[in-house]
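A closer look at the structure
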Number of protein chains: 2
Amino acid sequence: MSAQAILRNCGIQPTPQRIAVVNFVLNTTSHPSADDVLECVRKECPTISRATVYNTLNLLVEKRLLRTQVLREGTIVFDPNIELHHHFIDEESGKIYDISWDAVQITCGTSLRDFEIREMQVVMKGRRRKGK
Amino acid sequence: MSAQAILRNCGIQPTPQRIAVVNFVLNTTSHPSADDVLECVRKECPTISRATVYNTLNLLVEKRLLRTQVLREGTIVFDPNIELHHHFIDEESGKIYDISWDAVQITCGTSLRDFEIREMQVVMKGRRRKGK
DNA sequence: AGATTTGTCTTGACAATGTCTAAATCCATA
DNA sequence: TATGGATTTAGACATTGTCAAGACAAATCT
Ligand SMILES: [Mn+2]
Ligand SMILES: [Mn+2]
Ligand SMILES: [Zn+2]
Ligand SMILES: [Zn+2]
């Protein structure tokens, strides 16, 4: 679906700036920071401002097209994968990989009965195996 | 063990500032930010500077008496629990609770074979049940 | 068309977090 | 007590994120 259609679908006026942000951030698996988004979108749309990038990202989060994740020091990252899933962080490269929900089986014991869990994820760190 | 002994044990000169930081940060389960540490330590040691708090915390991390955790937006938190464990974040209060490693059973499927996992933790969010 | 309104964008100010440097201070030892 | 290395402090700086004011653009009305 086109960025324009996506934006109109949730009642956001499609502007060149917003279209550029959507085209990048809804089609990446790289878990970019706002600054990463700014950097990439400026190639398409050199005059876009930091505030517009933040405004658009926050709009997309509000409309549930995007989620924020607390996975990197110093900045939140944006994730177009809004299904339940886990994350693997490559400690060499810093790259963040999505891990499908089904790849891990989690069983909580009874000692957690005092916690009403509304969501959870596994955060793994290590090294992505090179080669095939 | 006294803060002085702990510091001397890992070759750090015990100073009043460092002792105050150690006394707070190695004896809390609250997962404080550097700023939280500064705020609390200033009660004991009113002239301590931000730089000294950061320096001491980073020293303690280097000496493995403390770990950093990426669990809150905008700041890292410090955790004196250096054993493997999980975390539960109360979305109402923002409080972070330690969950013992054994409280959760995790089984990774074969789809993770390309990832060399060096550590992992479950991050849960929800609400701590009130009452007993 | 010309004027008005509305929404969007940009700029720059601001606060918070974290690192770094230079200067002051402290302190263990001679 | 004098001295030199370690420690602390204050402030500068970079980065991240929010906000408000004004510039700008597009649609609406006369
Ligand atoms: Mn970047
Ligand atoms: Mn605080
Ligand atoms: Zn993801
Ligand atoms: Zn913990």
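Scope of this entry: the structure provided in the associated data block. Only a predicted model underlies this, so the values are computations on that prediction, with no experimental measurement involved.

Moving on to the coordination of the manganese ion (ligand 2). Residues and elements named next belong to chain B. Those donors, Asp-36 (OD) and Glu-39 (OE), are the protein atoms that reach the manganese ion (ligand 2), and they lie 2.7 Å from it. A residue pair is termed a helical-turn pair when its members lie 3 or 4 positions apart in one helix, as Asp-36 and Glu-39 do in helix H3 (residues 34–44) at three residues. Taking the relative accessible area as the measure of exposure, Glu-39 reaches 53% and is therefore exposed.

Right, let's talk about the relation of the copies chain A and chain B for a bit. It takes a turn of 180 degrees to lay chain A on chain B, together with a shift of 0.0 Å along the axis; the resulting RMSD is 0.1 Å. Interpreted geometrically, this transformation is the action of a two-fold axis. Comparing interface residues between copies, 100% of those in chain A also lie at the interface in chain B; the contact surface is shared.

Turning next to the coordination of the zinc ion (ligand 3). Residue and element names in this part refer to chain A. Protein-derived coordination of the zinc ion (ligand 3) comes from His-31 (NE2), Asp-79 (OD), His-85 (NE2), His-87 (NE2) and Asp-98 (OD), at a distance range of 1.9 to 2.3 Å. The sequence motif formed by the donor residues of the zinc ion (ligand 3) is H-x47-D-x5-H-x1-H-x10-D. Residue His-87 is found in strand E3 (residues 85–90), and its partner Asp-98 is found in strand E4 (residues 96–100); the two are separated by 11 residues along the sequence. Here His-87 falls in the buried class, since its relative accessible area comes to 0%.

The next thing to look at is the protein's contact with DNA strand C. As a structural note, the neighbourhood of DNA strand C is formed by 19 residues, with Thr-15 and Thr-47 of chain A together with Arg-50, Tyr-54 and Ile-76 of chain B the closest of them. The share of sugar and phosphate among atoms of DNA strand C within 4 Å of the protein is 66%. Measuring from a phosphate oxygen of DNA strand C, one finds a side-chain N or O atom of Tyr-54 of chain B at 2.9 Å. Those elements giving two or more residues to the surface near DNA strand C turn out to be helix H2 (16–25) and helix H4 (50–62) of chain A together with H3, helix H4 (50–62) and strand E2 (75–79) of chain B. The leading source of residues in the surface near DNA strand C is H4 of chain B, at four residues. Its residues assigned to classes, the surface near DNA strand C shows six nonpolar, nine polar and four charged.

What follows covers the packing of helix H2 (residues 16–25) of chain B against H3 of chain B. Residues and elements named next belong to chain B. At their nearest, the axes of H2 and H3 sit 10 Å apart, and the two run at 115 degrees to each other. When the axes of H2 and H3 are compared, the pair comes out roughly perpendicular. The two elements H2 and H3 cross, and the hand of that crossing is right-handed. Packed against H2, whose contacting residues are Ala-20, Val-21, Phe-24 and Val-25, the element H3 presents Asp-36, Val-37, Cys-40 and Val-41 at the interface. Considering only residue class, the contact of H2 with H3 consists of seven nonpolar, no polar and one charged.

How each quantity is defined
Residues numbered from 1 in each chain as written. Chains lettered and ligands numbered in written order. Predicted model: local features only at pLDDT ≥ 70, side-chain atom pairs only at ≥ 80, totals over all residues. Heavy atoms only, no water. Donors = N, O, S within 2.8 Å, 3.2 Å for Na, K, Ca; no water. Helix = DSSP H or I, 4+ residues; strand = E, 2+ residues; numbered from the N terminus. Buried < 20%, exposed > 50% of the residue type's maximum accessible area, 1.4 Å probe, protein only. Least-squares fit on C-alpha atoms with pLDDT ≥ 70 in both. Contact = heavy atoms within 4.5 Å. Near = heavy atom within 4 Å. Polar contact = N/O pair within 3.5 Å; in protein donor to acceptor, adjacent residues only side chain to side chain. Nonpolar A, V, L, I, M, F, W, Y, C, P; charged D, E, K, R; others polar. Axes fitted to C-alpha atoms, helices over the stretch in contact; angles between N-to-C directions. Parallel < 35°, antiparallel > 145°, perpendicular 65-115°, else oblique. Left-handed = near helix turned anticlockwise from the far one by under 90°.

By themselves, these observations are geometric and do not establish any function.
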